[in-house]
Amino acid sequence: AGERFPVFVGGLSRSTTREALLQHFSAAGEVAYCNVAIGGEQDATANGKGIGKVSFTTEAARRRALDDWNGSELNGRRILVREFGGGGKGEAAASTPGGGGKGGGGGS
């Protein structure tokens, strides 16, 4: 099946490329997709923080990225790796302390 197992990556430097993100996370497992979005690109003086999404082909690789890559350094910045919002598993939402994003605290 073509199911993907994504993670959110925050705190990327403006110099981080898609290729750098792919290389950084490929040690966790096979990456099916990755993308980088850097904010503040119009302002050359901005020290914008970027975000990214990395999707793995297996749950084991996703779990390894969450457990081992959160707080790792990429291009001189300590990055944040979290569950990607909108996942269908209740456990995923419950295990995201300080979740961020839009929306409320789901649960009962």
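Note that this is a predicted model, so its numbers are computed, not measured.

For the rest of this paragraph, the subject is the overall build of the protein. When its secondary structure is counted, the protein shows three helices and six strands. Of the regular secondary structure in the protein, the N- to C-terminal order runs β-α-β-β-α-β-β-β-α. Among the 108 residues that make up the protein, the fraction classed as buried is 33%. A sequence separation of at least 24 residues applies to 66% of the contacts in the protein between residues at least 6 apart. Accessible surface for the protein amounts to roughly 6700 Å². Of this, 49% is attributable to carbon and sulfur atoms.

This part covers the nonpolar core. Core analysis: the largest hydrophobic core is formed by 19 residues, its most contacted members being Val9, Leu21, Phe25, Val54 and Phe56. The set of elements that each furnish at least two residues to this core consists of strand S1 (5-12), helix H1 (18-26), strand S2 (31-38), strand S3 (50-56) and helix H2 (59-69). If near-sequence neighbours (up to four positions away) are discounted, Phe25 is found in contact with Val9, Val31, Val54, Phe56, Ala65, Trp69, Ile79 and Val81.

Overall, the predicted model of the protein reaches an average pLDDT of 78, with 67% of residues at or above 70. The least confident element of the protein, judged by mean pLDDT, is helix H3 (residues 90-94) at 37; the most confident is H2 at 97. Counting interchain partners and residues more than four positions distant, the pLDDT-below-50 stretch residues 87-106 has seven contacts.

Parameters at a glance
- Residues numbered from 1 in each chain as written.
- Predicted model: local features only at pLDDT ≥ 70, side-chain atom pairs only at ≥ 80, totals over all residues.
- Heavy atoms only, no water.
- Helix = DSSP H or I, 4+ residues; strand = E, 2+ residues; numbered from the N terminus.
- Buried < 20%, exposed > 50% of the residue type's maximum accessible area, 1.4 Å probe, protein only.
- Contact = heavy atoms within 4.5 Å.
- Areas by Shrake-Rupley, 256 points an atom, 1.4 Å probe, with all protein chains shown as cover.
- Core = buried A, V, L, I, M, F, W, Y, C linked by side-chain atoms within 4.5 Å.
- pLDDT = per-residue confidence, 0-100.

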